[in-house]
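Listed here are the chains, written in short residue letters.
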Amino acid sequence: MTCYDRQDLGLLLLRLGTGGVLAAHGSQKLFGWFGGGGIEGTGAAMEAMGYSPGRQSATMAGLAEAGGGALLALGLATPAAGAAAAGAMVGATAVHAPNGFFAAGGGYEYAASLALTAAGLAVTGPGRLSLDHALGHAVNRGWMVPAALAVAGAATAVVVGLRNRRVREDAEFGQETLFDEADAVFGK
């Protein structure tokens, strides 16, 4: 008989809590559950936040959150699950960053916490109370951790970089329009 230790129980609690929150958050995007907007509503919101095309962005973010969260909770394919969920939360962090750190002011505190916890679980592994352990770690090999984090990091950097460029261009276009209107008013 295997005796589980505090680390196994702690990892189980972290996985269940973080994975459950992420799965619920993603299901808001995908299915409209728990008061979410579903693909259509979330897609429109994503488009307004600078993630384009919005529907595709909502689908990918929803899959990364719901799928990554469910897999984290189960402790299955932990490196890929944690990396995907962390990437989605870094995307959310980019949206909230202009509002500062604290969530009470619309900041990135919550999204960053989920991202760091998901990435931490990808690195540490799921513990012995997991499907990965039960399946002999077939989809939780040591080499998978840096590979999953590198792929998710690169994809996230591209997506967030494109989003930031769109937001910056929209802000510049808005400023040009504002100045053009002012010039017309003042006869310049």
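Predicted model, so just to flag it, every value in this text is computed and none were measured.

Caption draft 1: Local environment of the packing of helix 1 (residues 6-31) against helix 2 (residues 38-48). The contact between helix 1 and helix 2 brings their axes to 5 Å, and the two run at 100 degrees. Classified by the angle between their axes, helix 1 and helix 2 sit roughly perpendicular to one another. Mapping the contact onto sequence places Gln28, Lys29, Leu30 and Phe31 in helix 1 and Gly38, Ile39 and Thr42 in helix 2. Looking at the contact of helix 1 with helix 2 residue by residue, the classes come out as 3 nonpolar, 3 polar and 1 charged.

Caption draft 2: Seen up close, the layout of surface pockets. By volume, the largest pocket is sized at about 960 Å³. Around the largest pocket sit 44 residues that line it, and Met46, Ser57, Ala61, Ala88 and Gly91 are the ones nearest its centre. Going through the elements one at a time, helix 1, helix 2, helix 3 (54-74), helix 4 (78-96), helix 5 (109-124) and helix 7 (144-185) are the ones with two or more residues in the lining of the largest pocket. The leading source of residues in the lining of the largest pocket is helix 4, at 10 residues.

Caption draft 3: Focus on the side chain of Arg163. Within the element layout of this structure, Arg163 appears in helix 7. Among buried charged residues, Arg163 stands out as having no salt bridge; its nearest opposite-charge side chain is Asp170, 9.0 Å away. Excluding residues that lie within four positions of it along the chain, Arg163 makes contacts with Met49, Gly50, Tyr51, Ala94 and Val95.

Caption draft 4: Summary view of unusual backbone geometry. The peptide bond linking Ser52 to Pro53 adopts the cis configuration, its omega dihedral lying at 0 degrees. Tracing the chain through its elements places Pro53 in the loop between helix 2 and helix 3. Positioned with a positive phi, His137 is a non-glycine residue whose angle comes to about 60 degrees.

Caption draft 5: Representation of the confidence of the model for the chain within the structure. Per-chain confidence: the chain averages 92 in pLDDT, with 91% of residues scoring 70 or above. Per-residue pLDDT, averaged within each element of the chain, yields its smallest value for helix 7 (81) and its largest for helix 5 (98). Of the regions scoring below 50 in pLDDT, residues 177-186 engages in 1 contact with residues more than four places distant in sequence or in other chains.

Caption draft 6: View of the side chain of Lys29. Of note, Lys29 is situated in helix 1. At a separation of 3.4 Å, a polar atom in the side chain of Lys29 contacts the side chain of His25.

Caption draft 7: Layout of the packing of aromatic side chains. Here the structure, examined in full by the defined rule, presents 4 aromatic pairs. Measuring from centroid to centroid gives 6.4 Å for Trp33 and Phe34, while their planes differ by 90 degrees, and the two rings are edge-to-face. Relative to Phe102, the ring of Phe101 has its centre 5.0 Å away and its plane inclined at 80 degrees; by these criteria the two rings are edge-to-face. What makes Phe102 exposed here is its relative accessible area of 56%. Members of the aromatic cluster, each reached through a chain of ring pairs, are Phe31, Trp33 and Phe34.

Caption draft 8: Seen up close, the nonpolar core. Leu11, Leu22, Leu72, Ala81, Ala85, Ala86, Met89, Leu114, Ala115, Ala118 and Leu121 form the largest nonpolar core, which has 11 residues in total. Mapped by element, the contributors of at least two residues to this core are helix 1, helix 4 and helix 5. For Ala81, the residues in contact, after removing those within four places along its chain, are Gly68, Leu71, Leu72 and Leu76.

Caption draft 9: Layout of the pattern of salt bridges. Within the structure shown, the criterion is met by 5 salt bridges. Two residues, Arg128 and Asp8, come together in a salt bridge whose shortest N-O distance is 2.6 Å. Placement of Arg128 in the loop between helix 5 and helix 6 (131-134) and of Asp8 in helix 1 is noted, with a sequence separation of 120 residues between them. Between Lys29 and Glu65 there is a salt bridge, with the nearest N and O atoms lying 3.0 Å from each other. One end of the pair, Lys29, is in helix 1; the other, Glu65, is in helix 3, with 36 residues separating them in the sequence. For the residue pair Lys29 and Glu65, the accessibility class agrees, reading buried in each case. Among the charged side chains, a network of salt bridges with common partners joins Asp5, Asp8 and Arg128.

Reading the values: the criteria
Residues numbered from 1 in each chain as written. Predicted model: local features only at pLDDT ≥ 70, side-chain atom pairs only at ≥ 80, totals over all residues. Heavy atoms only, no water. Axes fitted to C-alpha atoms, helices over the stretch in contact; angles between N-to-C directions. Helix = DSSP H or I, 4+ residues; strand = E, 2+ residues; numbered from the N terminus. Parallel < 35°, antiparallel > 145°, perpendicular 65-115°, else oblique. Contact = heavy atoms within 4.5 Å. Nonpolar A, V, L, I, M, F, W, Y, C, P; charged D, E, K, R; others polar. 1 Å grid on protein atoms, 1.4 Å probe; cavity = no way out; pocket = protein on both sides within 12 Å on 5 of 7 lines; lining within 4 Å. Points joined across faces, edges and corners; volume = space filled by probe spheres on them. Buried < 20%, exposed > 50% of the residue type's maximum accessible area, 1.4 Å probe, protein only. Lys, Arg positive; Asp, Glu negative; His and termini not counted. Salt bridge = Lys/Arg side-chain N within 4 Å of Asp/Glu carboxyl O. pLDDT = per-residue confidence, 0-100. Polar contact = N/O pair within 3.5 Å; in protein donor to acceptor, adjacent residues only side chain to side chain. Phe/Tyr/Trp six-rings, centres within 6.5 Å; stacked < 30°, edge-to-face > 60°. Core = buried A, V, L, I, M, F, W, Y, C linked by side-chain atoms within 4.5 Å.

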